[in-house]
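Chain by chain, the residues run as shown.
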Amino acid sequence: MEGSAGALARYRMFIGGEWADAASGRTFESFNPYTARPWAEVPEGGADDVDRAVEAADAAFRTGDWPALTATARGHMMRRLADAIVENADHLAEIEVRDNGKLIAEMSAQCKYMAQWYYYYAGLCDKIEGSVIPIDKPGHFNYTLWEPLGVCACIVPWNSPLLLLAWKLAPLLAAGNTAVVKPSEYTSASTLEFMKIVERILPPGVVNVVTGFGADAGRALVEHPRVAKVAFTGSDATGAAVYAGAARHLKRVTMELGGKSPNIVFDDAHMDNAVKGVISGIFAATGQTCIAGSRLLVQDTIHDAFVEKLVALARTARIGNPASFETQVGPVTNTMQYEKVLGYMSVAVEEGAETALGGGVPEGPEIGDGWFVEPTIFTGVRNDMRIAQEEVFGPVLSVIPFHDEDEAVAIGNDVVYGLAAGVWTGSMGRALGMASRLEAGTVWVNTYRAVSYLSPFGGYKRSGIGRESGQDMIREYLQQKSVWIETSGAEAANPFVLR
Ligand code: NAD
């Protein structure tokens, strides 16, 4: 979709099954992080566009083909959508690499795997069952129904646009809702490309996309009175503002927020596997993942030897063009994030951390003009330093020594976040104990980063509210109705007395 000879690709929003410009006519540019140059132009949607999109989603929820479908037919439709994602995965991956700077090696697999969320929740469509309650009131029959909420807002960050959208869209559609999506202003293109697939399969208005900035389109969507629920992924600071906006209208929310996850290595761990796990925890996706294992806690008995091995392997990372399958570390996605990561590197040094690897901007022919930072390891970090407490969201690892299990737990839990944690040990008893004591929505033992459509994902503490993925979370997009029927036909009792 890139324009030829330097021309920008032009995208339009997707509202009510049609392609639309912003009501204001305004657009903004989307940048390729490898070249640091704009490659596409995207509509700058605002409150008027949000109104149109919510109206379209509301109409599609109440009338027309979508609510008329049986649950089984809805499941068939979602399976066709999943098939189409698999067929178009390479194209979606290519757009994501250009717009986001994610590695093609990661994206070509992720865009195919993303279809599993749609297949999985397609299978749940016709298994949403209420129950008959053995009620205590004689002559009454009581049963429950699980019903959809209505229009759901999906607000997505820039680090994994299509995958994080799938985590929301697949269950909400399976539950019978409709959606208005607001992708990040940094990475709107892949979501709009995805709408070209949605357009062919789902009825108009079931999924709508408004592009634009958080403070305009995003806020208008959160505060729109006809949006029943906000499913948000992003930073905890924005999450708090979104939560407050949703609260004004008493909306439901799910919040998938930031993290400062500890990756904890004991001296009885398989050392080489732990080194690789720590590297994938912090340097995959250039550290721009909510689950980044950005605090490495190493038992003091192996600290120096472990850090030596870690630095030796991390030094071999092939940094460069994300469109090459050989590349292991790509650019940071946007200039704001690039400045932020470099700023945190300075903070770490000012706080007294020692630079064991990196700490600056890489050089060499393989580096484009883009927003690259070096994979960086700081040692001598104390857990009360900013570099250990705040989410950097880049390839920056802070190494903190610990003495025993109690201290590992105390340091591991001593942050405001609780998204994930890793434990590396050869002892099953220790693994089980640590899994129970760590305050995190996900704990990995002798592995890191595994996620699946089958398993719930979400945060403790400031890392979030609610869960995504897995069977139970479809309830996040449903509401329960209790139906009472008088069955005895007996004469009604005294209406002035409650029974
Ligand atoms: P962000 O919070 O800046 O933006 C996220 C989205 O919110 C964007 O679409 C943005 O336009 C929108 N937004 C901004 N202000 C808004 C407002 N006032 N009202 C409504 N919407 C608004 O986050 P980001 O920088 O795009 O993404 C990085 C963050 O996302 C990190 O903190 C990361 O940890 C987090 N994240 C969490 C998960 C998870 O599942 N827990 C997954 C990925 C990323």
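Just so it is clear, the model here is predicted, and its values are computed rather than measured.

1. A short note on the overall build of the protein
If you tally the helices and strands in the protein, you get 16 helices and 23 strands. Relative to the compact-globule value of 23 Å for 499 residues, the protein shows a C-alpha radius of gyration of 24 Å, a close match. For the C-alpha atoms alone, the extent of the protein along its principal axes is close to 85 × 60 × 40 Å. Taken across its 499 residues, the protein has 54% of its residues classed as buried. A separation threshold of at least 6 residues defines the contact pool for the protein, and within that pool the share at least 24 residues apart is 74%. Put simply, the protein shows about 20,200 Å² of open surface, and 53% of that area lies on carbon and sulfur atoms. The positive charge centre, built from 42 side chains, and the negative charge centre, built from 59, are 5 Å apart in the protein.

2. Re helix α10 (residues 236-248)
For α10, spanning 13 residues, the distance from its first C-alpha to its last is 18 Å, which sits close to the expected 18 Å at 1.5 Å a residue. When α10 is considered as a whole, its buried residues turn out to be D236, G239, V242, G245 and A246. Tucked into the core, α10 has its buried residues touching α9 (214-223), β11 (227-233), β12 (252-256) and β18 (417-418). Once α10 finishes, L250 follows within two positions and takes phi at roughly 55°, a positive value.

3. Details of the pairing of strand β9 (residues 178-182)
For β9, the buried fraction is high: five of the five residues fall into the buried class. As defined by bridge partners, strand β8 (residues 151-155) adjoins β9 across five bridges and the pair is classed as parallel. In the strand pairing of β9, C152 is matched with A179. For the segment spanning β8, helix α7 (residues 161-174) and β9, crossover handedness is right-handed. As defined by bridge partners, β9 adjoins strand β10 (residues 207-209) across three bridges and the pair is classed as parallel.

4. What about the packing of aromatic side chains?
Applying the stated criterion across every chain yields a total of 17 aromatic pairs. Each ring, one from Y120 and one from Y121, has its centre 4.9 Å from the other, and the planes form 80°; the classification is edge-to-face. The buried category is assigned to Y120, whose relative accessible area is 17%. Taken together, the ring pairs connect Y113, W117, Y120, Y121, W167, Y453 and F457 into an aromatic cluster.

5. Re the pattern of salt bridges
If you walk through the whole model with that rule in mind, you get 26 salt bridges. K168 is the salt-bridge partner of E468, the closest N and O atoms lying 3.1 Å from each other. Of this pair, E468 sits in the loop between β22 (464-465) and β23 (478-486) while K168 sits in helix α7; the two residues are 300 residues apart in sequence, bridging distant segments of the chain. When its relative accessible area of 1% is taken as the criterion, E468 is described as buried.

6. Describing the side chain of T327
Relative to the elements of secondary structure, T327 occurs in the loop between α12 (303-314) and α13 (335-350). On the accessibility criterion, T327 (9% relative accessible area) is buried. Polar contacts involving the side chain of T327 include one to the main-chain carbonyl oxygen of N321, which spans 2.7 Å. Once residues within four sequence positions are removed from consideration, T327 is found in contact with L103, R318, I319, G320 and N321.

7. Some thoughts on the sheet that holds β23
Across a sheet, paired strands are connected by hydrogen bonds in the backbone, their directions being either parallel or antiparallel. Read across the sheet, three strands follow the order β6-β7-β23 without closing on themselves; strand pairing throughout is antiparallel. Each edge of the open sheet carries a strand with a single partner, namely β6 (132-133) and β23. Across two bridges, β6 lies against strand β7 (residues 140-148) in antiparallel orientation. Following the sheet pairing, I133 is matched in β7 by N142.

8. Structural notes on the side chain of E193
Residue placement: E193 occurs in helix α8 (residues 189-201). Taking the relative accessible area as the measure of exposure, E193 reaches 4% and is therefore buried. A polar atom in the side chain of E193 sits 2.8 Å from the side chain of H91.

9. Section: a nonpolar patch on the surface
There is a patch of nonpolar side chains on the surface, built from V132, F141 and I485 and spanning about 250 Å² of accessible area. Structurally, F141 can be placed in strand β7. A residue is classified by how much of its surface remains accessible, and F141, at 34% relative accessible area, is partly exposed.

10. Notes on the nonpolar core
Of all hydrophobic cores here, the largest spans 94 residues; its most connected members are Y118, Y121, F194 and L202. Of the residues forming this core, the biggest block, 11 residues, is contributed by α7. When residues no more than four places from it in sequence are discounted, the contact partners of Y121 are M78, A170, P171, A174, Y453, S469, G470, M473 and I474. Counting residues in each nonpolar core, the second largest holds 29 residues, with V332, V409, I411 and L438 among its members.

11. Remarks on helix α4 (residues 89-100)
A rise of 1.5 Å per residue sets the reference length of α4, with its 12 residues, at 16 Å; its end C-alpha atoms lie 16 Å apart and thus fit the reference within 8%. For α4, the buried fraction is high: nine of the 12 residues fall into the buried class. Along α4, the residues that are buried comprise A89, L92, A93, I95, E96, V97, R98, D99 and N100. Buried residues belonging to α4 abut β4 (27-32), β5 (37-43), α3 (71-87), α5 (104-113), α7 and α8.

Reading the values: the criteria
Residues numbered from 1 in each chain as written. Predicted model: local features only at pLDDT ≥ 70, side-chain atom pairs only at ≥ 80, totals over all residues. Heavy atoms only, no water. Helix = DSSP H or I, 4+ residues; strand = E, 2+ residues; numbered from the N terminus. Rg over C-alpha atoms; globule rule 2.2 N^0.38 Å. Buried < 20%, exposed > 50% of the residue type's maximum accessible area, 1.4 Å probe, protein only. Contact = heavy atoms within 4.5 Å. Areas by Shrake-Rupley, 256 points an atom, 1.4 Å probe, with all protein chains shown as cover. Lys, Arg positive; Asp, Glu negative; His and termini not counted. Charge placed at Lys NZ, Arg CZ, Asp CG, Glu CD. Expected span 1.5 Å × (residues − 1). Pairing = 2+ DSSP bridges. Right-handed = clockwise from strand over helix to strand, strands pointing away. Phe/Tyr/Trp six-rings, centres within 6.5 Å; stacked < 30°, edge-to-face > 60°. Salt bridge = Lys/Arg side-chain N within 4 Å of Asp/Glu carboxyl O. Polar contact = N/O pair within 3.5 Å; in protein donor to acceptor, adjacent residues only side chain to side chain. Patch = residues over 30% accessible without salt bridge, like charges linked within 9 Å, V, L, I, M, F, W, Y side chains within 5 Å. Core = buried A, V, L, I, M, F, W, Y, C linked by side-chain atoms within 4.5 Å.

Such coordinate-based values are descriptive only and should not be taken to indicate function.
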